[in-house]
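These are the residues of each chain, in order.
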There are 2 protein chains.
Amino acid sequence: MINEGSVRYDFNIDCVANQLRKLNAHRILLQMPDGLKPYALSIASELEKRGFEVLISGSSCYGACDIADVEAQKVKADAIVHFGHYPHGIINTLTNVVFEPVKIILDNLDQLAETLASYLKGKGFKTVGLVANAQHVHDLPKLSQILQRLGIGALIDAETRGLILGCDVSAALSLMEHVDCIVFIGCGYFHPLGIALKADKPVILADPLSMRIEEVTHLVKRVEHVKWSAIYKARKAKVFGVITSLKAGQFNLDLALKAVNLIRKRGLCAYLITADEITWERLASFTEVEAFIVVGCPRIALDNRELFGKPIIDYSELSAILNA
Amino acid sequence: MINEGSVRYDFNIDCVANQLRKLNAHRILLQMPDGLKPYALSIASELEKRGFEVLISGSSCYGACDIADVEAQKVKADAIVHFGHYPHGIINTLTNVVFEPVKIILDNLDQLAETLASYLKGKGFKTVGLVANAQHVHDLPKLSQILQRLGIGALIDAETRGLILGCDVSAALSLMEHVDCIVFIGCGYFHPLGIALKADKPVILADPLSMRIEEVTHLVKRVEHVKWSAIYKARKAKVFGVITSLKAGQFNLDLALKAVNLIRKRGLCAYLITADEITWERLASFTEVEAFIVVGCPRIALDNRELFGKPIIDYSELSAILNA
């Protein structure tokens, strides 16, 4: 357990250590998203106390799709401990990955539920769908109970237990017919925006750390505007760069080659570019490219369009360009 | 040959294609530093015309030490074409690497020599050592002849042919006793700064594209000041992050582990962090670290100290901290 101001993280070190012992692992590579890296040294110390040799990955880490398999092989690690995400159906080349999603322990769940119930009643919402990110999903059953006691019906998707990923919001979509709105428990706009883009009900962000409750549905309009503006510009492009991410759970060379062929069949130019991390800084030097098509994480184009200066299009949007 | 304004690049495509045919390579991964990426699509087209299937690496590329071996394996490339650098004794896990340093073809060599000779005479320098980066090293013999005709003695190191790398300036150091100054032919301060830090004679940058001639020795003072300031601060640190680059020709896990042990023996904390690209953005999240020790490219600490906000120290400087 690590306390950071009012936030308490449960890194579940003893459980992680037990799993590592079962794998007979000695040298460990710790991997975590940037938001958890401030605790990396403390966690490494805890695991070293338990007899492991610990190396820390300094590379970026965006989700359970982003496993440091190559890095672990290079440093001859016996196992990866991947903090901050639940496993998500990734076939790893390295079998020894211990996933530990890292719970945030909330003391203010009753207070959050009361503030939320009051907000929902004010809006006339009677039944809500509850979803959360990996750090808060464990609190949804209890939150649901408190909300129901306060007169708000609260549903949780049974299959996903309410877990939302940047690329998978089925935990919200499965409830859509039965609820007045979706409530996301967590921080930041990243996850609730993903829901709002696909949901036809209001999406509400309830941040248990700041206690801020806010409808995010209005964000969709701007994102959709920027998306169609990019698609419109990409329709005029003659030279395309198809970029495929090399990350373990995002790499899809066949799909990237298919995109190149589709574009070439239209008499346009297409080139296949590979990169581990797809950022504007990495792509800026390809001055010959007029529009980028991304095969990888569906959030790369979505979240970064305004940074890139050139149209950047998700693979799923390619047909909107070629069938123009 | 690619013309970019007044600059003509020779990518030596036919020679590259011949080497690829000898390797029986079909699928090729193109790799080049960011400065050459603006020509990546044109080069890919030229190689495709010659029957190869071409993928382009969008990742960073800092030198011949930075071979996209893992990327090439992932995309099942039969060979890497590495543009912009001469091979530099790197043992690659992938044997099929075709190095093509990319010449810049100068039409103004006589003019450059005249301007340079006039500058050198003005300074009272009679004999100079000539060095250059990969793009210009082929012109040194001719430049030497012209300079000698103009009354300036010009020496070139026989073993290296005058080639300077960011991490290896022996082409300059070997001439030191016999010359009044070192003249570097190329663009930017990166290479001549590397020489100036180790040379005890003046170092002059002669940029054949801008025709600017400039002594760079004064840059050393500031770099040395920033270096000693970082070392002084690092001496007070209790928590160290030892970072090892994962790049093919920079990876040295044993040396990184040795650094960790040396620091721990002094009763200080040390943790081993691995990363493919070592940038401030990547390290900023490790808020627990008070000073970073870099095992990898010796230019990472040197060139970026003022960006990092915390002391960042090259492995070679570690003894200056531990023996304080």
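Computed from a predicted model, the values in this text were never measured in an experiment.

This part covers the overall build of chain A. On a plain count of helices and strands, chain A comes out with 12 helices and 16 strands. In terms of overall dimensions, chain A is globule-like: its C-alpha atoms have a radius of gyration of 22 Å, near the 20 Å expected for 324 residues. Residue pairs in contact within chain A that sit at least 24 positions apart in sequence constitute 65% of those at least 6 positions apart. Carbon together with sulfur atoms contributes 51% to the accessible area of chain A, which is approximately 13800 Å² in total. Taken as two groups, the 35 positive and 36 negative side-chain charges of chain A have centres that lie 5 Å from each other.

Let us look at the packing of helix α8 (residues 219-234) of chain A against helix α11 (residues 299-308) of chain A. Residues and elements named next belong to chain A. Between α8 and α11, the least distance of the axes is 10 Å, while the angle of their chain directions is 75°. Of the possible angle classes, the one that applies to α8 and α11 is roughly perpendicular. Counting all contacts with α8, which are made through Arg 222, Val 223, Val 226, Lys 227 and Ala 230, the residues of α11 involved are Leu 302, Arg 305 and Glu 306. Classifying every residue of the contact of α8 with α11 gives 4 nonpolar, no polar and 4 charged.

All names here are of chain B. If you walk across this open sheet you meet the 5 strands as β9-β8-β10-β11-β12, and the pairing is mixed. Looking along the sheet, the strands with just one partner apiece sit at the ends: β9 (153-155) and β12 (212-215). Neighbouring strand axes in the sheet, compared pairwise and without regard to direction, differ in orientation by 25° on average. In terms of strand pairing, strand β11 (residues 203-207) meets β12 through 4 bridges, oriented antiparallel.

What follows covers the packing of helix α1 (residues 13-22) of chain A against helix α2 (residues 40-49) of chain A. Residue and element names in this part refer to chain A. Taken N-terminus to C-terminus, the directions of α1 and α2 make an angle of 55°; their axes are 10 Å apart at the nearest point. By the angle class used here, α1 and α2 are oblique. Crossing of α1 against α2: the hand is right-handed. Residue-level inspection shows Ile 13, Val 16, Ala 17 and Leu 20 of α1 in contact with α2, the latter providing Ile 43, Glu 46 and Leu 47. Residue composition of the contact of α1 with α2, grouped by class: 6 nonpolar, no polar and 1 charged.

What follows deals with the relation of the copies chain A and chain B. Mapping chain A onto chain B leaves a residual RMSD of 0.0 Å; the transformation is a rotation of 180° accompanied by 0.0 Å of translation along its axis. Given the turn and translation reported, the copies of this chain are related as if by a two-fold rotation axis. Distance from the rotation axis, computed per C-alpha, reaches its smallest value in chain A at A:Val70: 3.9 Å. A share of 100% of the interface residues of chain A reappears at the interface of chain B, consistent with the copies meeting face to face through the same patch.

This brings us to unusual backbone geometry. The phi dihedral of A:Val102 falls on the positive side, at around 70°, and the residue is not glycine. For A:Val102, the position within the fold is in the loop between β6 (97-100) and β7 (103-105).

The end-to-end C-alpha separation of helix α8 (residues 219-234) of chain B is 23 Å, in line with the 22 Å expected for 16 residues at 1.5 Å each. Those residues of α8(B) hidden inside the fold are in contact with α7 (190-196), β13 (239-245), β15 (291-295), α11 (299-308), β16 (312-314) and α12 (318-322) of chain B.

Residues and elements named next belong to chain A. Structurally, the position occupied by Ala 158 is in the loop between β9 (153-155) and α6 (170-173). Accessibility expressed as a relative area gives 70% for Ala 158, which makes it exposed. Separated by 13 residues in sequence, Ala 158 and Ala 171 place their C-alpha atoms 8.4 Å apart.

The next thing to look at is the packing of aromatic side chains. In the structure shown here, the tally under the stated rule is 10 aromatic pairs over all chains. Pairing B:Phe11 with B:Phe83 gives two aromatic rings, centres 5.5 Å apart and planes at 80°, and the pair type is edge-to-face. Of this pair, B:Phe11 sits in the loop between β2 (7-10) and α1 (13-22) while B:Phe83 sits in strand β5 (residues 79-83), and the two are 72 residues apart along the sequence. Like B:Phe83, B:Phe11 is buried. Among the aromatic side chains, those forming a connected cluster through ring pairs are A:Tyr9, A:Phe11, A:Tyr39 and A:Phe83. If you follow A:Lys74 out to its NZ or CZ, it ends over the ring of B:Phe251, 5.4 Å from the centre.

Throughout the structure, instances matching the rule amount to 30 salt bridges over all chains. Across the pair A:Arg149 and A:Asp110 runs a salt bridge, and its minimum N-O distance is 3.7 Å. Here A:Arg149 is found in helix α5 (residues 140-149), whereas its partner A:Asp110 is found in helix α4 (residues 109-123), with 39 residues between them in sequence. A:Arg149 gets classed as exposed once you look at its relative accessible area, which sits at 62%. Ionic pairing is found between A:Arg264 and B:Glu48, a salt bridge with its closest N-O pair at 3.1 Å.

So, about the nonpolar core. Counting residues in hydrophobic clusters, the biggest one holds 72 residues, and the most contacted among them are B:Leu20, B:Leu30, B:Leu47, B:Phe83, B:Leu120, B:Leu147 and B:Val183. At 7 residues, helix α4 (residues 109-123) of chain B tops the list of elements feeding residues into this core. When near neighbours in sequence (up to four residues on either side) are disregarded, B:Leu30 contacts B:Ala40, B:Ile43, B:Ala44, B:Leu47, B:Val54, B:Leu55, B:Ile56, B:Ser57, B:Val81 and B:Phe83. By size, the runner-up hydrophobic cluster in this structure holds 71 residues, among which are A:Val7, A:Leu41, A:Leu106 and A:Leu163.

What counts and what doesn't
Residues numbered from 1 in each chain as written. Chains lettered and ligands numbered in written order. Predicted model: local features only at pLDDT ≥ 70, side-chain atom pairs only at ≥ 80, totals over all residues. Heavy atoms only, no water. Helix = DSSP H or I, 4+ residues; strand = E, 2+ residues; numbered from the N terminus. Rg over C-alpha atoms; globule rule 2.2 N^0.38 Å. Contact = heavy atoms within 4.5 Å. Areas by Shrake-Rupley, 256 points an atom, 1.4 Å probe, with all protein chains shown as cover. Lys, Arg positive; Asp, Glu negative; His and termini not counted. Charge placed at Lys NZ, Arg CZ, Asp CG, Glu CD. Axes fitted to C-alpha atoms, helices over the stretch in contact; angles between N-to-C directions. Parallel < 35°, antiparallel > 145°, perpendicular 65-115°, else oblique. Nonpolar A, V, L, I, M, F, W, Y, C, P; charged D, E, K, R; others polar. Pairing = 2+ DSSP bridges. Left-handed = near helix turned anticlockwise from the far one by under 90°. Least-squares fit on C-alpha atoms with pLDDT ≥ 70 in both. Expected span 1.5 Å × (residues − 1). Buried < 20%, exposed > 50% of the residue type's maximum accessible area, 1.4 Å probe, protein only. Phe/Tyr/Trp six-rings, centres within 6.5 Å; stacked < 30°, edge-to-face > 60°. Lys NZ or Arg CZ within 6 Å of the ring centre and 35° of its normal. Salt bridge = Lys/Arg side-chain N within 4 Å of Asp/Glu carboxyl O. Core = buried A, V, L, I, M, F, W, Y, C linked by side-chain atoms within 4.5 Å.

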